[in-house]
Amino acid sequence: MVAEQWADVAVGEQAAVYGYSVMAAKVPAADKQRMLDAMEVHQRARDLARKKLARIDEAPSTPVAFDVPAISDLRSAEVVAAGMEIRLIDQYLAVVAAAEGADRVSAAEEAQACARRARNWGWRPVAFPGSQVEVTSADLTPSNSVAGTTSTPGVTSSQAAPGVPEGPPASVSPHDGAAVE
Amino acid sequence: MTLSRRTFVAAGGGLLGVGLVGCSSSSLPLPFISDPDDEVRESVAASEAELIAAYDAAIEKLPAESGRLSAIREQHAEHLAAMELQDSPAAAPAIELSGNPTTVLATLRKLETKAARARVKSCAKCDDGDLAALIAQIGTSEAAHAQWLR
């Protein structure tokens, strides 16, 4: 049933909205707008997924909170951002497999948009995106940051902070904790 | 025409059926049940072969970019293999890429963008949902390639 797959997309998109909103507050000012732009794109995609669910009389599930990995600098934010996009690719591909017609096309196009955004965060493309859910800094090429290598108090670029962790998984995942929206 | 592994399996099943009814005539045409998605597989494979030929030409022309271009070429080879055709598609004609490095990369970018769009159309045609997802996944890789070439 494709409702289940669209429900996963709706949750994944909401996680991305939340993740980008958190990261926008933590990256250098020059990169903040990129995070906010991405957040808006995911808001629209989330709303679209919710409309799909409403059309098939399914109420979207609404996680109350999300866990966001620690953001210590721009590079770690890029790793999280790329990881969110790659994870969404998997969710859209699940819709492609389950759906037909316009829904399948729409999901395939959204998956491609996620891949392009992941690339914009520096993710190095692979032959079959989505199967590697955990994105680490090792999967990223040099940053596309607007801020470049300029250090900002409290938020440093990857070059300024070479110790970017190779893990943990760069995912923003729902949990049942207190509401944080 | 290239044949997928599935087509051979289907054809093998048909042969078994012929044997069971006891017909031994060697002049009977072989039953042939083709996979309805074979045409999509072949189309994607042919497109991947063209992309590989384009990257071969680009790598020769831009040795300084060979690291990135070879990595992408290898991914297209994986896409081609994923179509599981029994026979490789006919080799794509050699492509000549003209112009300076910027022009060559722009040409590759256009090819990747065109391929990514074609994958969306191809996945829409698939009967098999898993194949549709695989082709859509290949399209995501190509969409990212186009971005990587900027």
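Parameters and conventions
Residues numbered from 1 in each chain as written. Chains lettered and ligands numbered in written order. Predicted model: local features only at pLDDT ≥ 70, side-chain atom pairs only at ≥ 80, totals over all residues. Heavy atoms only, no water. Salt bridge = Lys/Arg side-chain N within 4 Å of Asp/Glu carboxyl O. Helix = DSSP H or I, 4+ residues; strand = E, 2+ residues; numbered from the N terminus. Buried < 20%, exposed > 50% of the residue type's maximum accessible area, 1.4 Å probe, protein only. Contact = heavy atoms within 4.5 Å. Buried area = accessible area lost by both parts, 1.4 Å probe. Polar contact = N/O pair within 3.5 Å; in protein donor to acceptor, adjacent residues only side chain to side chain. Nonpolar A, V, L, I, M, F, W, Y, C, P; charged D, E, K, R; others polar. Phe/Tyr/Trp six-rings, centres within 6.5 Å; stacked < 30°, edge-to-face > 60°. Core = buried A, V, L, I, M, F, W, Y, C linked by side-chain atoms within 4.5 Å. pLDDT = per-residue confidence, 0-100. Patch = residues over 30% accessible without salt bridge, like charges linked within 9 Å, V, L, I, M, F, W, Y side chains within 5 Å. Areas by Shrake-Rupley, 256 points an atom, 1.4 Å probe, with all protein chains shown as cover. Lys, Arg positive; Asp, Glu negative; His and termini not counted. Charge placed at Lys NZ, Arg CZ, Asp CG, Glu CD.

Colleague: Help me out: how do you make sense of the pattern of salt bridges in this one?
Modeller: Following the criterion strictly, the structure yields 10 salt bridges over all chains and no others. The partner of Arg-117 of chain A in a salt bridge is Glu-85 of chain A, with the nearest N and O atoms 3.1 Å apart. Of the two residues, Arg-117 of chain A is situated in helix H4 (residues 101-120) and Glu-85 of chain A in helix H3 (residues 74-98); the sequence distance between them amounts to 32 residues. Assigned by exposure class, Arg-117 of chain A and Glu-85 of chain A land together as buried. For Glu-48 of chain B, the salt bridge identified is with Arg-119 of chain B, shortest N-O distance 3.0 Å. Taken together, the positions of Glu-48 of chain B in helix H2 (residues 38-61) and Arg-119 of chain B in helix H4 (residues 101-125) put the pair 71 residues apart, joining distant regions of the chain.

Colleague: Just checking my understanding: could you explain the interface of chain B and chain A for this structure?
Modeller: Every contact between the two is made by 25 residues of chain B and, on the other side, 23 residues of chain A. Interface of chain B and chain A: buried area, both sides summed, is about 2000 Å²; carbon and sulfur atoms make up 69% of it. Counting the surface chain B buries against chain A, the share from its top three residues, Gln-137, Thr-140 and Trp-148 of chain B, is 29%. Taken together, the connections running from chain B to chain A amount to nine residue pairs in polar contact (both at pLDDT 80 or more). Of all the secondary structure elements, the ones that give two or more residues to the side of chain B that touches chain A are helix H3 (66-82), H4 and helix H5 (129-148) of chain B. Sorting elements by how many residues they give to the side of chain B that touches chain A places H5 of chain B first, with 16 residues. When its residues are assigned to classes, the side of chain B that touches chain A shows 14 nonpolar, nine polar and two charged.

Colleague: Hey, could you run me through the packing of aromatic side chains in this one?
Modeller: Residues and elements named next belong to chain A. Going through the model one piece at a time under the given rule, you end up with three aromatic pairs over all chains. Between the aromatic rings of Trp-6 and Tyr-92, the centroid separation amounts to 6.4 Å while the plane-to-plane angle is 80°, which identifies the pairing as edge-to-face. One end of the pair, Trp-6, is in helix H1 (residues 2-24); the other, Tyr-92, is in helix H3, with 86 residues separating them in the sequence. Here the two residues Trp-6 and Tyr-92 agree in accessibility, since each one is buried. For the ring pair Tyr-20 and Trp-121, a centre distance of 6.0 Å and an interplane angle of 35° mean the geometry is tilted. On the criterion of sequence distance, the pair formed by Tyr-20 in helix H1 and Trp-121 in the loop between H4 and strand S2 (173-175) is long-range, its members being 101 residues apart. With respect to class, Tyr-20 is no different from Trp-121; both count as buried.

Colleague: Just checking my understanding: could you explain the nonpolar core for this structure?
Modeller: What tends to happen in soluble globular proteins is that the nonpolar side chains get buried as a cluster. Within the largest apolar cluster, 62 residues are counted, with the highest numbers of intra-cluster contacts made by Trp-6, Tyr-20, Met-23 and Tyr-92 of chain A together with Met-83 of chain B. For this core, the secondary structure elements donating two or more residues are H1, helix H2 (29-55), H3 and H4 of chain A together with H2, H4 and H5 of chain B. Considering every element that reaches this core, the biggest residue donor is H3 of chain A, with 14 residues. Excluding residues within four positions of it along the chain, Met-23 of chain A makes contact with Met-35, Ile-71, Ala-77, Val-80, Ala-81 and Met-84 of chain A. In terms of nonpolar packing, the next biggest core, distinct from the first, is built from 13 residues, Tyr-55, Ile-72, Leu-105 and Trp-148 of chain B among them.

Colleague: Just checking my understanding: could you explain the confidence of the model for chain A for this structure?
Modeller: Where the model shows low pLDDT, its predicted coordinates should not be examined in detail. Residues and elements named next belong to chain A. Residue-level pLDDT values for chain A average 79, and 73% of them are 70 or greater. Here S2 stands out as the element of chain A with the lowest mean pLDDT, 62, in contrast to H4, whose mean of 97 is the highest. Low pLDDT (under 50) marks residues 147-169, which in the prediction has 37 contacts with non-local residues, meaning those over four places away or in another chain. Every residue in residues 176-181 scores below 50 in pLDDT, and together they form 12 contacts with partners more than four places removed in sequence or on other chains.

Colleague: Got a minute to help me understand the environment of Glu-65 of chain B in this structure?
Modeller: All names here are of chain B. Mapped onto the elements, Glu-65 comes out in the loop between H2 and H3. The class of Glu-65 is partly exposed, set by a relative accessible area of 24%. Taking the C-alpha atoms as reference points, Glu-65 and Gly-139, separated by 74 residues in sequence, lie 23 Å from one another.

Colleague: Any chance you could explain the environment of Ala-16 of chain A here in plain terms?
Modeller: Residue and element names in this part refer to chain A. Here Ala-16 is to be found in helix H1. Sequence separation of Ala-16 and Ala-81 is 65 residues, and the distance between their C-alpha atoms is 8.0 Å. Leave out the neighbours within four places in its chain, and Ala-16 touches His-42, Met-84 and Leu-88.

Colleague: I'm lost on a positive patch on the surface in this one. Help?
Modeller: A grouping of Arg-116 of chain A together with Arg-117, Lys-121, Lys-125 and Arg-150 of chain B is seen on the molecular surface, where their side chains present a positively charged patch. At three residues, H4 of chain B tops the list of elements feeding residues into the positive patch. On the secondary structure map, Arg-150 of chain B appears in the segment after H5.

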